[in-house]
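Here is how the chains run, residue by residue.
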Amino acid sequence: ISANSDSDMYLTELQNLIDQGVTGFILDPDVTIYPAITKLLSNYPDVKWMSQMAPPRDGESGEGIPIGGDMIHPYVGFDNYDAGAQVTRRLIEWKEENLPDVPWDEVAFLAMNFSTSPQLAERVTASEDIWKEVTGSMDNFFVADGVSSSLNLQGGIDIAGPIISTNSQYKHWLVNGLLDDYAQAVASIL
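Procedures and definitions
- Residues numbered from 1 in each chain as written.
- Predicted model: local features only at pLDDT ≥ 70, side-chain atom pairs only at ≥ 80, totals over all residues.
- Heavy atoms only, no water.
- 1 Å grid on protein atoms, 1.4 Å probe; cavity = no way out; pocket = protein on both sides within 12 Å on 5 of 7 lines; lining within 4 Å.
- Points joined across faces, edges and corners; volume = space filled by probe spheres on them.
- Helix = DSSP H or I, 4+ residues; strand = E, 2+ residues; numbered from the N terminus.
- Axes fitted to C-alpha atoms, helices over the stretch in contact; angles between N-to-C directions.
- Parallel < 35°, antiparallel > 145°, perpendicular 65-115°, else oblique.
- Left-handed = near helix turned anticlockwise from the far one by under 90°.
- Contact = heavy atoms within 4.5 Å.
- Nonpolar A, V, L, I, M, F, W, Y, C, P; charged D, E, K, R; others polar.
- Buried < 20%, exposed > 50% of the residue type's maximum accessible area, 1.4 Å probe, protein only.
- Pairing = 2+ DSSP bridges.
- Right-handed = clockwise from strand over helix to strand, strands pointing away.
- Salt bridge = Lys/Arg side-chain N within 4 Å of Asp/Glu carboxyl O.

Student: Just checking my understanding: could you explain the layout of surface pockets for this structure?
Tutor: Any empty space left between atoms is shown by rolling a water-sized probe over those atoms. In this structure, the largest pocket encloses a volume near 530 Å³. Lining the largest pocket we find 22 residues, and of these Asp 28, Pro 29, Asp 30, Val 31 and Gln 119 sit closest to its centre. Counting only elements with at least two residues in the lining of the largest pocket, the list comes to helix 1 (7-19) and helix 4 (118-135). Broken down by element, the residue count for the lining of the largest pocket peaks at 3 residues, all from helix 4.

In structure tokens form, the structure reads like this:
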């Protein structure tokens, strides 16, 4: 089903399907409504469900709590922090193999982000951690957040373009593109 990015409609459609006798779901809603989903589904213990792309979290935040909050239902899926760490490590390996004589302070890192999506933001947090660990500095680490734009090619151009153009002192850029459209956007800019 599609709720056209309308969380209220999503919950209504979920209830309608339960009322029609559906007893199993693979869900991929806006992650902010997982608490409402678990509340709804707690009334139907025979209904089984699993999230698809993002882990179901409670939305709480604070010291020592993962981005998006604590898990509220079993989940099998991506380890988003590890995905960001792996991308960053591979980019660093590429630089060391192909540009060994270029000092780290002459290389910029751009992490594309969509901060309202906890699973995507975890990838950026990993990039920040690995970059700081390897280079010792965050002065040449930049984040382009698409929350004010769109998750598409033009959105990526809109958020990355100003960062790259105002930091022309860097000839070399490493980029955690986050998703295909954003990676293509940055490639077109560079």
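Student: I keep staring at the packing of helix 5 (residues 153-165) against helix 6 (residues 180-189) and nothing clicks. Help me out?
Tutor: For any two helices packed against each other, the geometry comes down to the angle between their axes and how far apart the axes lie. Where helix 5 contacts helix 6, the axes come no closer than 8 Å and their chain directions differ by 45°. Classified by the angle between their axes, helix 5 and helix 6 sit oblique to one another. For the element pair helix 5 and helix 6, the recorded crossing hand is right-handed. Between helix 5, through Leu 153, Gly 155, Gly 156, Ile 157, Ile 159, Ala 160, Gly 161 and Ile 164, and helix 6, the contact on the second element is made entirely by Asp 181, Tyr 182, Gln 184, Ala 185, Val 186, Ser 188 and Ile 189. A class-by-class count of the residues in the contact of helix 5 with helix 6 yields 9 nonpolar, 5 polar and 1 charged.

Student: Can you help me understand the pairing of strand 3 (residues 107-113) in this one?
Tutor: Regular strands have side chains that alternate between both faces of the sheet. Within strand 3, 7 of the 7 residues are buried, which leaves it mostly tucked inside the rest of the structure. Neither face of strand 3 is left uncovered, since the one carrying Val 107, Phe 109, Ala 111 and Asn 113 and the one carrying Ala 108, Leu 110 and Met 112 both have all their residues buried. Looking at chain direction, strand 3 and strand 5 (residues 172-176) are connected through 5 bridges and run parallel. From the neighbouring strand, Val 107 faces strand 5, where its bridge partner is His 172. Traced from strand 3 through helix 4 to strand 4 (residues 141-145), the parallel crossover comes out right-handed.

Student: Please clarify how the pattern of salt bridges should be interpreted in this entry.
Tutor: Pairs can form between side chains of opposite charge once their charged atoms are near each other. In the structure shown here, the tally under the stated rule is 2 salt bridges. Of the charged contacts, one joins Arg 90 and Glu 93 as a salt bridge, the two residues approaching to 3.1 Å between their closest N and O atoms. Of this pair, Arg 90 and Glu 93 both sit in helix 3 (residues 80-98), 3 residues apart, roughly one helical turn. For Arg 90, a relative accessible area of 57% corresponds to the exposed category. For Glu 93, a relative accessible area of 33% translates into the label partly exposed.

Student: When you look at unusual backbone geometry in this model, what are you seeing that I'm missing?
Tutor: For Asn 4, which is not a glycine, the phi torsion comes out positive at approximately 50°. You can see Asn 4 is positioned in the segment before helix 1. Of note in the backbone geometry, Ser 5 takes a positive phi value of approximately 65° without being a glycine. When you line up the elements, Ser 5 lands in the segment before helix 1.

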